[in-house]
Amino acid sequence: MRWWKDRSLLGALLVALALRTIPLAIWGNEWMCTRDECTYIKLATRMAEGQGMTGSSGWLWAPGYPAVLALHRWLTGWASAAKGTQVVASLVIVVLLYRLGIRASALWNPAEAFQRRAGRIAAWLYAVSFPQAFFAMSLWSEVLYTMLLLVGLIALDMAAPPDDPAVPDPARVDPRALSTRRALGLGALVGAMVGACVLFRGVATYMLPIFVVGLLWRRFRRGRAWAQAGVAVLVAVLVVAPYSVYASRKFEAVVISDRTLGQMMWLGNNDFPPLTFDYGNGALSKRAFARHTRPGRKHCAPRRDVIARDDCETEAGIAWIKSHPREFIARMPLRVAQLLNPHSLLTRHLRWGRWPGLPQWVDELIIAWGALESILVIWVGAVGLAARGRRALGVVVTGILLYHVAAIAMLAGLSRYRIPLEPLLMLYAAQVLADPRVTLSILWRRRWRLVAAGVALAALVPLVLWFLPAGWPGWRSW
C-alpha cells in the first residue's frame with residue numbers, strides 16, 4: 001500500500017494540520033514574539049534589507065533560519081509568513097516518521113501489518129503532540145531542523161541496506177541491486193542534509209562523523225560504503241563552505257556556522273546556577289534575569305563585537321571549569337534535566353495567557369497532555385531504542401541523541417532543545433507500542449539490550465521528573 005492510500009496516516013495528517021492551523025487562525029494576530037523569536041525577526045529584517053548576516057546582542061547565530069525568515073519577508077512583507085511553511089514541514093515530518101517507522105520495524109518483523117502499525121503510531125505521536133504543534137506555529141528553527149534531520153536519516157537507511165540476506169530490506173529490493181549511481185546519490189543526500197542542519201543550528205557542526213560511521217557500519221570492507229561516506233563529507237562541506245567563507249571574511253575570524261559557544265559558556269559555566277528560560281524554573285523577565293546573573297562574572301566584551309565576546313567568554317568559561325571541576329561535573333545532571341523538562345515553551349505561553357479565551361481547564365489539559373506525552377516518548381522511546389535499535393539507523397539515532405545531550409551537559413540546557421530530538425524517540429516508542437510483547441521478548445533474549453534499557457531508564461526517570469512540578473505552581477482547583 002502506498003503511503004497516501006493509508007487512511008490512518010491521512011487521519012494523522014488532518015489532525016496535525018488542525019492542531020497547527022486553528023490556533024494560528026484564532027490567535028495569530030495577537031501573537032507576540034518572545035526572546036529568540038524577536039532576534040530572528042531582527043536578523044531576517046536586516047538580511048532582507050541587504051545587510052547579510054549580522055550579530056545580535058553578542059551572539060552570531062547560524063544563518064539558516066534567519067535566511068528562511070528573510071526570504072518570507074522579501075516575498076510577503078512578513079517574516080511570520082514562515083509559520084505557514086513550518087506547518088507544511090510538520091506534515092512532511094508526519095510522513096517521514098511513518099516511512100521510518102516502517103523501515104525500522106522491518107528489521108525485526110517481516111509482517112507488513114506490524115510494520116505499518118509501527119509507522120502509523122510514530123506518525124500519530126508527532127501529529128497529536130501539542131509542544132511539536134506549538135513550535136510549528138512559532139518562529140523557532142526546531143521544525144525545519146527536525147525535517148532536515150529525518151530526511152538525512154531516511155537517506156542514510158536507504159544508502160546502507162542490510163548485508164545479511166536474512167534481514168528483509170524495507171525497500172523490498174535486493175540490497176546488492178542498488179546501483180552505484182543511486183548509492184552515491186543517497187550518500188550525497190545524506191551529506192546535503194547534514195550540511196543544512198549545520199547551517200540551521202550550531203550544535204550540528206560536529207554531527208557529520210556520526211553519519212559517516214552510520215554509512216560505514218558493518219560495511220567497513222566495502223569500497224562502495226567508503227565512496228558513499230566520501231561523497232557525504234564532500235557534499236556537506238560544499239553546502240556549508242560558501243557561508244563559512246563569507247562569514248569568516250565579514251567578521252575577520254573563523255566561522256563555520258555560528259559563534260555562540262562563549263555565550264553558552266557564560267550561561268552554563270558561571271558562578272550562578274545554569275540558566276534556563278522555562279516556566280517555573282527560569283528567569284522570565286529582565287529583572288529576574290539580572291537578579292539571577294548578578295553573582296556571576298560580567299561579560300568581557302561589548303555586545304556589538306560578537307567575535308571578541310565569543311572568544312573571551314569561551315576562554316573565561318574554560319577557566320571557570322578548570323577552577324571548579326567538581327561543580328562543573330555536578331551540574332551536568334541539572335543541565336540535562338533542564339533539557340528533558342517534560343514541559344516546553346508552550347507551558348510558558350499558556351501560563352502567560354497568550355491564548356486568551358480558553359477556559360482554564362483547557363489550558364491545564366493541554367499542559368498535562370504535552371508533559372505526559374513527552375514523558376511517554378522519552379521513557380518508552382529509550383526502551384525501544386535499546387531493544388530495537390539496529391543497523392546504521394539505530395547507531396546514528398543513538399549517536400545523535402547522545403551527542404546533543406553531551407553538548408547540553410557541558411553548556412546550558414533548555415527544554416526547547418529537546419523538541420527536535422523527540423521525533424527520533426517517537427520512532428522507537430512506536431516500535432514498542434506496536435507490539436510490547438515482542439519488545440520484552442527481545443530484551444529477555446538479548447541481555448545486553450536489557451542492561452542498556454535499564455541503565456537508560458535509571459538515568460532518565462529522575463531527570464525527566466526533576467522539573468515536572470514546575471508546570472503547576474500553586475496548584476489550583478477548578
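Before any of the text, the structure's been laid out above.
First, a word on scope: everything that follows refers to the structure included in this document. Because the structure is predicted, anything quoted here is derived from the model rather than measured.

Concerning empty space enclosed by the protein
Piece 1. In this structure the tally under the stated criterion is three cavities of 30 Å³ or more.
Piece 2. Roughly 50 Å³ of internal volume is contained in the largest cavity.
Piece 3. Broken down by element, the residue count for the lining of the largest cavity peaks at three residues, all from helix α16 (residues 345-351).
Piece 4. Partitioning the lining of the largest cavity into residue classes produces six nonpolar, two polar and three charged.
Piece 5. Considering only enclosed or pocket space, the second largest cavity measures out at about 40 Å³ in volume.
Piece 6. For the second largest cavity, the full set of lining residues is Pro-131, Pro-342, His-343, Ser-344, Leu-346, Thr-347, Ile-366, Ile-367, Gly-370 and Ala-371.
Piece 7. Secondary-structure elements contributing two or more residues to the lining of the second largest cavity are α16 and α17 (360-388).
Piece 8. Top contributing element to the lining of the second largest cavity by residue count: α17, with four residues.
Piece 9. Each residue belonging to the lining of the second largest cavity can be placed in one class, and the counts come to six nonpolar, four polar and no charged.

So, the layout of surface pockets
Piece 1. Put simply, the second largest pocket is a space of about 760 Å³.
Piece 2. Lining the second largest pocket are 31 residues, with Leu-385, Thr-398, Leu-401, Leu-402 and Ala-456 sitting closest to its centre.
Piece 3. Here the element with the most residues in the lining of the second largest pocket is helix α21 (residues 447-465); it accounts for nine residues.
Piece 4. Its residues assigned to classes, the lining of the second largest pocket comprises 22 nonpolar, three polar and six charged.

As for the packing of aromatic side chains
Piece 1. By the definition in use, this model includes twelve aromatic pairs.
Piece 2. Look at Trp-59 and Trp-61: their rings are 6.3 Å apart centre to centre, the planes differ by 65°, and that puts the pair in the edge-to-face class. Both residues of the pair, Trp-59 and Trp-61, belong to the buried class.
Piece 3. An angle of 50° between the planes, with centres 5.8 Å apart, marks the rings of Tyr-243 and Tyr-246 as tilted. With Tyr-243 and Tyr-246 both in helix α10 (residues 223-251) and three residues apart, the pair spans about one turn of that helix.

Comments concerning the nonpolar core
Piece 1. Counting 143 residues, the largest nonpolar core has Leu-153, Met-207, Phe-211 and Ile-400 as its most contacted members.
Piece 2. Top element by residues in this core is helix α4 (residues 82-106). It accounts for twelve residues.
Piece 3. Here Ile-400 is in contact with Leu-149, Leu-153, Met-207, Ile-210, Phe-211, Leu-421 and Leu-424, once residues within four sequence places are set aside.
Piece 4. Val-383, Ala-387, Leu-443 and Ala-453 belong to the second largest nonpolar core, which has five residues in total.

As for helix α18 (residues 391-410)
Piece 1. In this model α18 runs 29 Å from its N-terminal to its C-terminal C-alpha over 20 residues, within 8% of the 28 Å that 1.5 Å per residue would give.
Piece 2. The buried fraction of α18 is high, at 14 of 20 residues.

Description of the state of the cysteines
Piece 1. Counted under the stated rule, the structure contains two disulfides.
Piece 2. Here Cys-33 connects covalently by a disulfide to Cys-38, the sulfurs 2.1 Å from one another. Between Cys-33 and Cys-38 the disulfide shows an S-S torsion of about 100°. By sign, it is right-handed.
Piece 3. Note on Cys-33: relative accessible area 38%, which makes it partly exposed.
Piece 4. Across a sulfur-sulfur distance of 1.9 Å, Cys-300 and Cys-312 are joined as a disulfide pair. Between Cys-300 and Cys-312, the S-S dihedral sits near 90°, and the bridge is therefore right-handed. One end of the pair, Cys-300, is in the loop between α12 (286-293) and α13 (306-323); the other, Cys-312, is in helix α13, and twelve residues separate them in sequence.

Things to note about the environment of Leu-17
Piece 1. Examined against the element boundaries, Leu-17 turns out to sit in helix α1 (residues 7-27).
Piece 2. Given the relative accessible area of 34%, Leu-17 is considered partly exposed.
Piece 3. A C-alpha to C-alpha distance of 8.4 Å links Leu-17 and Ser-90, two positions 73 residues apart in sequence.
Piece 4. Not counting residues within four places of it along the chain, the set of residues in contact with Leu-17 comprises Val-87 and Leu-91.

Topic: the pattern of salt bridges
Piece 1. The final tally for this structure, using the stated rule, is 13 salt bridges.
Piece 2. Two residues, Asp-36 and Arg-416, come together in a salt bridge whose shortest N-O distance is 2.7 Å. With Asp-36 in helix α2 (residues 36-48) and Arg-416 in the loop between α18 and α19 (422-434), this residue pair connects regions lying 380 residues apart in the sequence.
Piece 3. Accessibility expressed as a relative area gives 23% for Asp-36, which makes it partly exposed.
Piece 4. A salt bridge links Arg-103 to Asp-157; the nearest nitrogen and oxygen atoms lie 2.6 Å apart. Separated by 54 residues along the polypeptide, Arg-103 in helix α4 and Asp-157 in helix α7 (residues 142-159) bring together distant segments of the chain. Just as Arg-103 is buried, Asp-157 falls in that class too.
Piece 5. Several salt bridges share partner residues, and in doing so they unite Asp-36, Glu-142, Arg-201 and Arg-416 into one network.

Observations regarding the side chain of Glu-37
Piece 1. Along the chain, the position of Glu-37 falls in helix α2.
Piece 2. Lys-83 provides the closest opposite charge to the buried, unpaired Glu-37, separated from it by 5.4 Å.
Piece 3. For Glu-37, the residues in contact, after removing those within four places along its chain, are Met-32, Ser-138, Leu-139 and Trp-140.

Describing α19
Two residues of an α-helix separated by three or four positions point the same way, owing to the 3.6 residues in each turn.
Piece 1. For α19, built from 13 residues, the straight-helix expectation of 18 Å at 1.5 Å per residue is met to within 8% by its first-to-last C-alpha distance of 18 Å.
Piece 2. Counting buried residues along α19, twelve of its 13 residues qualify, which places the element largely inside the surrounding structure.
Piece 3. Buried within α19 we find Glu-422, Pro-423, Leu-424, Leu-425, Met-426, Leu-427, Tyr-428, Ala-429, Ala-430, Gln-431, Val-432 and Ala-434.

So, the packing of helix α20 (residues 436-445) against α21
Helix packing for two helices is described by the angle between their axes and how far apart those axes are.
Piece 1. Contact geometry for α20 and α21: axes closest at 5 Å, N-to-C directions at 110°. Taken together, the axes of α20 and α21 lie roughly perpendicular to each other. Residues Ile-442, Leu-443, Trp-444 and Arg-445 of α20 lie in contact with α21, whose contacting residues are Arg-447, Arg-449, Leu-450 and Ala-453.
Piece 2. Per-class residue counts for the contact of α20 with α21 are five nonpolar, no polar and three charged.

Procedures and definitions
Residues numbered from 1 in each chain as written. Predicted model: local features only at pLDDT ≥ 70, side-chain atom pairs only at ≥ 80, totals over all residues. Heavy atoms only, no water. 1 Å grid on protein atoms, 1.4 Å probe; cavity = no way out; pocket = protein on both sides within 12 Å on 5 of 7 lines; lining within 4 Å. Points joined across faces, edges and corners; volume = space filled by probe spheres on them. Helix = DSSP H or I, 4+ residues; strand = E, 2+ residues; numbered from the N terminus. Nonpolar A, V, L, I, M, F, W, Y, C, P; charged D, E, K, R; others polar. Phe/Tyr/Trp six-rings, centres within 6.5 Å; stacked < 30°, edge-to-face > 60°. Buried < 20%, exposed > 50% of the residue type's maximum accessible area, 1.4 Å probe, protein only. Core = buried A, V, L, I, M, F, W, Y, C linked by side-chain atoms within 4.5 Å. Contact = heavy atoms within 4.5 Å. Expected span 1.5 Å × (residues − 1). Disulfide = S-S within 2.5 Å. Salt bridge = Lys/Arg side-chain N within 4 Å of Asp/Glu carboxyl O. Lys, Arg positive; Asp, Glu negative; His and termini not counted. Axes fitted to C-alpha atoms, helices over the stretch in contact; angles between N-to-C directions. Parallel < 35°, antiparallel > 145°, perpendicular 65-115°, else oblique.

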